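Analysis of the macromolecular model
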Amino acid sequence: MALPAHGISRDQVLAQLDDFKVADVKWRDGHAFTLAYSAGEEVLAVAEAAYAKYSTENALNTDAFPSLRRIQSDVVDIVAGWLEAGPEGAGFMTSGGTESLLMAVKAARERGRKEKGITQPNVVLPTSAHAAFEKGCYYFGLESRRVAVGADWKADVAAMEAAIDDNTVLVVGSAPQYPQGVIDPIAEIAAIAAARDINCHVDGCMGGVTLTYLERLGHEIPAWNFSVPGVTSISVDLHKYGYTAKGASVIVHRNKRLRGYQTYVTDNWLGGMYGSSGVLGTKGGGAMAAAWAVLHFLGDDGYLRLTSAARQACEELTAAVRGMPELAIRAEPEATLLAIGAADPERFDVFALADALWRRGWYVDRQGPPASLHCTVNAVHAGRIPAFVADLRASIDEVSSAGAAGAQGAYGTVD
Ligand SMILES: *Cc1c(COP(=O)(O)O)cnc(C)c1O
């Protein structure tokens with residue numbers, strides 16, 4: 001489409017954008033089990049208003065925008081508190097989980113190079129660890145050493161240990177891992193890192209908020225944060241279970257020295273000293289302000305309430321799926337993620353089920369191996385599980401009688 005020769009009106013522009021959305025998943029109504037999260041219209045409105053106030057402000061240089069220095073510092077402090085980082089903890093806001101993980105990889109590479117002279121670094125990580133680690137290894141020139149998970153889908157720590165060598169700069173665990181929603185044995189993974197004095201990143205992008213509050217709600221959660229010796233950094237996405245606008249994640253390092261390996265500074269050009277905390281140069285203030293606003297609007301009791309609601313919805317869905325003979329849950333959800341397979345994959349295609357659900361307006365993730373559906377259950381689903389389960393049942397019946405096969409789909413796309 002070409003740029004219009006003459007501008008059109010504000011109303012026309014905004015109406016067009018609304019029209020574009022007609023075929024999009026209705027996430028505000030709880031029809032998305034991935035990609036978008038909602039704690040309700042009131043919270044969304046707070047995030048949007050705060051975003052609008054800061055959409056053009058730039059955290060690239062907080063000398064000009066001290067408000068954004070303050071906002072970032074408050075948000076990082078709150079997350080560091082959740083993670084039990086203690087007074088030494090130091091972090092940055094990033095644009096999302098991917099940037100947080102890229103920075104964990106980059107910091108580990110830098111530390112290995114500076115402290116040990118490692119020039120051919122590798123990362124040892126379970127097959128369940130997020131694709132963004134793979135991207136980080138590819139971008140920054142590290143070898144990714146994937147280690148098969150155990151039968152319980154959790155990291156196999158003995159096998160990880162065997163994969164480590166003198167060039168390993170980073171080991172990874174997830175709390176929980178995305179594909180099956182289980183928590184890796186973080187204490188054991190961190191211990192092998194501590195014994196070698198290398199980095200251990202815990203990917204709490206999905207679970208950082210949820211596990212913090214599930215524990216407060218009395219759930220038995222294995223230690224996963226900075227209370228575990230040997231953990232050097234943790235990522236938490238606020239644009240997921242923080243229920244704020246897209247573009248907000250936090251990476252916290254155990255101390256400022258370790259955080260120092262994340263940042264980048266140069267004066268090797270004609271434009272003066274250029275320092276940056278992450279991948280971005282210009283760093284939009286909108287997502288940062290929205291995160292600050294939603295954290296303060298919800299407060300501690302708000303996150304307790306939302307975590308409880310999300311967990312309850314997840315348990316309700318898990319129980320319903322367990323009662324469907326065509327389906328099998330991959331693992332007992334340890335947070336709020338549920339992976340669903342076919343009881344008999346020869347006779348039932350879960351991707352065809354995903355197609356049938358999408359025809360009814362529900363969007364679930366498709367993943368594998370093994371072929372599975374994935375539901376990220378959040379507060380928006382409270383009270384909506386019965387409607388989903390009814391459509392799930394109808395979709396299963398439709399697929400069973402048609403013997404349909406579906407398309408594999410993707411977690412992310414390149415178009
Ligand atoms: C979502 C997610 C990421 C990546 O985060 P983005 O915000 O999509 O870049 C990384 N790790 C886990 C466990 C995630 O769930």
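None of the values given here were measured: they were computed from a predicted structure. (Residues numbered from 1 in each chain as written. Predicted model: local features only at pLDDT ≥ 70, side-chain atom pairs only at ≥ 80, totals over all residues. Heavy atoms only, no water.)

Overview of the overall build of the chain
Along the chain, the regular secondary structure elements total 12 helices and 13 strands. Rg of the C-alpha trace for the chain: 22 Å, near the compact-globule value of 22 Å for 415 residues, within the 12% margin. Dimensions of the chain, computed from C-alpha atoms along their principal axes, come out at roughly 65 × 65 × 45 Å. Relative to its full complement of 415 residues, the chain shows a buried share of 50%. If you take every contact in the chain between residues at least 6 apart in sequence, the share linking residues at least 24 apart comes to 71%. Accessible area of the chain: about 18800 Å², with a carbon and sulfur share of 54%. (Helix = DSSP H or I, 4+ residues; strand = E, 2+ residues; numbered from the N terminus. Rg over C-alpha atoms; globule rule 2.2 N^0.38 Å. Buried < 20%, exposed > 50% of the residue type's maximum accessible area, 1.4 Å probe, protein only. Contact = heavy atoms within 4.5 Å. Areas by Shrake-Rupley, 256 points an atom, 1.4 Å probe, with all protein chains shown as cover.)

Side note on the site of the ligand
The environment of the ligand is made up of 13 residues, and the closest members are Gly-97, Thr-98, Asp-203, His-239 and Lys-240. Interatomic distance of 2.9 Å between a backbone N/O atom of Gly-97 and an oxygen atom of the ligand. Between the ligand and Asp-237, the relevant distance is 3.3 Å, taken from an oxygen atom to a side-chain nitrogen or oxygen of the residue. Residue composition of the shell around the ligand, by class: five nonpolar, five polar and three charged. (Near = heavy atom within 4 Å. Polar contact = N/O pair within 3.5 Å; in protein donor to acceptor, adjacent residues only side chain to side chain. Nonpolar A, V, L, I, M, F, W, Y, C, P; charged D, E, K, R; others polar.)

Details of a nonpolar patch on the surface
A surface patch of nonpolar side chains, amounting to about 450 Å² of accessible area, comprises Ile-8, Val-13, Leu-14, Leu-17 and Phe-20. Looking at where Val-13 falls in the secondary structure, it is placed in helix H1 (residues 10-20). Given the relative accessible area of 35%, Val-13 is considered partly exposed. (Patch = residues over 30% accessible without salt bridge, like charges linked within 9 Å, V, L, I, M, F, W, Y side chains within 5 Å. Salt bridge = Lys/Arg side-chain N within 4 Å of Asp/Glu carboxyl O.)

Some remarks on the pairing of strand E4 (residues 168-174)
With respect to burial, E4 is a largely interior element, seven of its seven residues being buried. In this structure, strand E2 (residues 122-126) lies alongside E4, joined through three bridges in parallel fashion. When the sheet's bridge partners are listed, Asn-122 is paired in E4 with Thr-168. Both E4 and strand E5 (residues 199-203) contribute to a ladder of five bridges, which runs parallel. Residue pairing across strands places Leu-170 opposite Asn-199, the latter belonging to E5. Remark: the E4/helix H7 (residues 186-196)/E5 crossover connection has right-handed handedness. (Pairing = 2+ DSSP bridges. Right-handed = clockwise from strand over helix to strand, strands pointing away.)

Topic: the nonpolar core
With 67 residues, the main nonpolar core has Val-171, Trp-224, Val-231, Leu-238 and Tyr-303 as its most contacted residues. The element contributing the most residues to this core is helix H10 (residues 285-322), with 11 residues. Split by domain, this core shows at least three residues from each of two domains, domain 1 (48-296) and domain 2 (299-400). If you look at the next biggest cluster of nonpolar residues, it comprises 29 residues, including Val-321, Trp-362, Leu-373 and Leu-392. (Core = buried A, V, L, I, M, F, W, Y, C linked by side-chain atoms within 4.5 Å. Domains from an automatic or database assignment.)

Digging into the domain arrangement of the chain
Here the chain is described as being made up of domain 1 (48-296) and domain 2 (299-400). Computed over C-alpha atoms only, the centres of domain 1 and domain 2 are separated by 28 Å. Ranking the residues of domain 1 by area buried against domain 2 places Tyr-178, Tyr-241 and Tyr-243 at the top, with a combined share of 25%. Viewed at the interface, domain 2 and domain 1 are joined by two salt bridges. The closest approach of N and O atoms between Asp-300 and Arg-216, which form a salt bridge, is 2.5 Å. Our count for the contact surface shared by domain 1 and domain 2 stands at 14 residue pairs in polar contact (both at pLDDT 80 or more). When residues in the side of domain 1 that touches domain 2 are grouped by element, the largest group, six residues, is from helix H8 (residues 208-216). For the side of domain 1 that touches domain 2, the class distribution of residues is 18 nonpolar, seven polar and two charged. (Buried area = accessible area lost by both parts, 1.4 Å probe.)

Describing unusual backbone geometry
Cis peptide bonds are those with omega within 30 degrees of zero, and the linkage from Ala-175 to Pro-176 qualifies with -10°. Cis geometry marks the peptide bond from Pro-369 to Pro-370; its omega dihedral reads -10°. Assignment of secondary structure puts Pro-370 in the loop between strand E12 (365-367) and strand E13 (372-376). Not every positive phi belongs to a glycine, and Asp-197 is a case in point at roughly 55°.

Remarks on the sheet that holds E2
Sheet architecture is open: seven strands sit in the order E1-E7-E6-E5-E4-E2-E3, paired in mixed fashion. In this open sheet, the two strands that pair with only one neighbour each are strand E1 (90-94) and strand E3 (143-147). Neighbour-to-neighbour, the strand axes of the sheet open up by a mean angle of 20°, direction not taken into account. Bridging between E5 and strand E6 (residues 233-237) involves three bridges; their strand directions are parallel. When the bridges of E6 are listed, Asp-203 appears paired with Ser-235. (Axes fitted to C-alpha atoms, helices over the stretch in contact; angles between N-to-C directions.)

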